[in-house]
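Here's the letter readout for the chains.
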Amino acid sequence: YSTLQANDYLNLKLPPLDVLFENAKQGPVYQVAAVKEQLEKKTLSKEKRAVWSFFSIRGSYQYGTFSNDATYSDLITPVINTYNTAAQTNYTVGGVININFDQLFDLGARVRRQRLNISRAQLEKEERFEELQREIIHLYVEATAQLNILKLRAEAIILANAQYEITEKDFANGTVDSSVLSTEKEKQSQAFENFENSKALLNKSLITLEVITHSRFLNRKK
């Protein structure tokens, strides 16, 4: 913006307010509030499923080979050695119910509280957005007014420059004295100073609007 000339501002047009409002939703202020709302909704879904925390299922599975090596004898029977192997599969399945009555009776209240948390998060998001809208409107109106003033002051510079050139020629021809030339030079300087002051205020409003709304008002050429 600091490199723009007077003619650049004459062609500058601000987007409609509704476009700026929509673009502002991409900013961190609104996004933080939106993420908080989403987190509260996820927590509500978790609270609705909390009843399943009272139930659990357990199971085990084993597979292997069982072997038995035995020796037998008595006074009559000679020593007999036996060796047996067999594949075995064992599994167990069971369920456990562990109810905490304090948590059980509080389930409905927890769901209701979480719904209230969601409502609060939604209201906070709307509040943040309304604050953004008010700030955008303030800057928009300010920038529009400054843009109109800047255009008038740009025209004043053109007129002051033209008048100074005429007076400078008259001074060279001896038609007017140095006091008249000095006066016109002062008017030219004042017109330029007024333009630069308005330009600085306008640039500040435009840059702030761009940051808040995540919008670009100028097509910057490299």
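Residues numbered from 1 in each chain as written. Predicted model: local features only at pLDDT ≥ 70, side-chain atom pairs only at ≥ 80, totals over all residues. Heavy atoms only, no water.

This part is about helix α3 (residues 28-48). In a regular helix each residue adds 1.5 Å, so 21 residues correspond to 30 Å; α3 covers 30 Å between its end C-alpha atoms and thus fits that length. Buried within α3 are the following residues: Y30, A33, A34, E37, E40, L44 and E47. Along α3, the residues classed as buried sweep out an arc of 135° about the axis, all on the same side. Turned more than 90 degrees away from the buried face of α3, the exposed residues are P28, V32, L39, K42 and K46. (Helix = DSSP H or I, 4+ residues; strand = E, 2+ residues; numbered from the N terminus. Expected span 1.5 Å × (residues − 1). Buried < 20%, exposed > 50% of the residue type's maximum accessible area, 1.4 Å probe, protein only. Arc of directions from axis to C-beta.)

Let's shift gears to the packing of aromatic side chains. Evaluated as defined, the whole model comprises 1 aromatic pair. Plain terms: the ring middles of Y30 and F129 are 5.5 Å apart, the flat faces sit at 65° to each other, and that makes the pair edge-to-face. Residue Y30 is located in helix α3, and its partner F129 is located in helix α4 (residues 101-172); the two are separated by 99 residues in the primary sequence. Side by side, Y30 and F129 carry an identical accessibility label, which is buried. Above the plane of the ring of F129 lies K25, whose end atom (NZ or CZ) is 5.2 Å from the centre. Of note, K185 hangs over the ring of Y164, and the distance from its end group to the ring centre comes to 4.9 Å. (Phe/Tyr/Trp six-rings, centres within 6.5 Å; stacked < 30°, edge-to-face > 60°. Lys NZ or Arg CZ within 6 Å of the ring centre and 35° of its normal.)

What follows deals with a negative patch on the surface. Negative charge collects at one region of the surface, where E126, E130, E131 and E135 lie side by side. Summarising the element assignment, E135 is placed in helix α4. (Patch = residues over 30% accessible without salt bridge, like charges linked within 9 Å, V, L, I, M, F, W, Y side chains within 5 Å. Areas by Shrake-Rupley, 256 points an atom, 1.4 Å probe, with all protein chains shown as cover. Salt bridge = Lys/Arg side-chain N within 4 Å of Asp/Glu carboxyl O. Lys, Arg positive; Asp, Glu negative; His and termini not counted. Charge placed at Lys NZ, Arg CZ, Asp CG, Glu CD.)

Next up on the list: the environment of K48. In this structure, K48 sits in helix α3. Taking relative accessible area as the criterion, K48 reaches 48% and is therefore assigned partly exposed. Remark: the alpha-carbon pair of K48 and L107, spanning 59 residues in sequence, is separated by 7.9 Å. When neighbours within four sequence positions are excluded, K48 is seen to be in contact with V111 and R115. (Contact = heavy atoms within 4.5 Å.)

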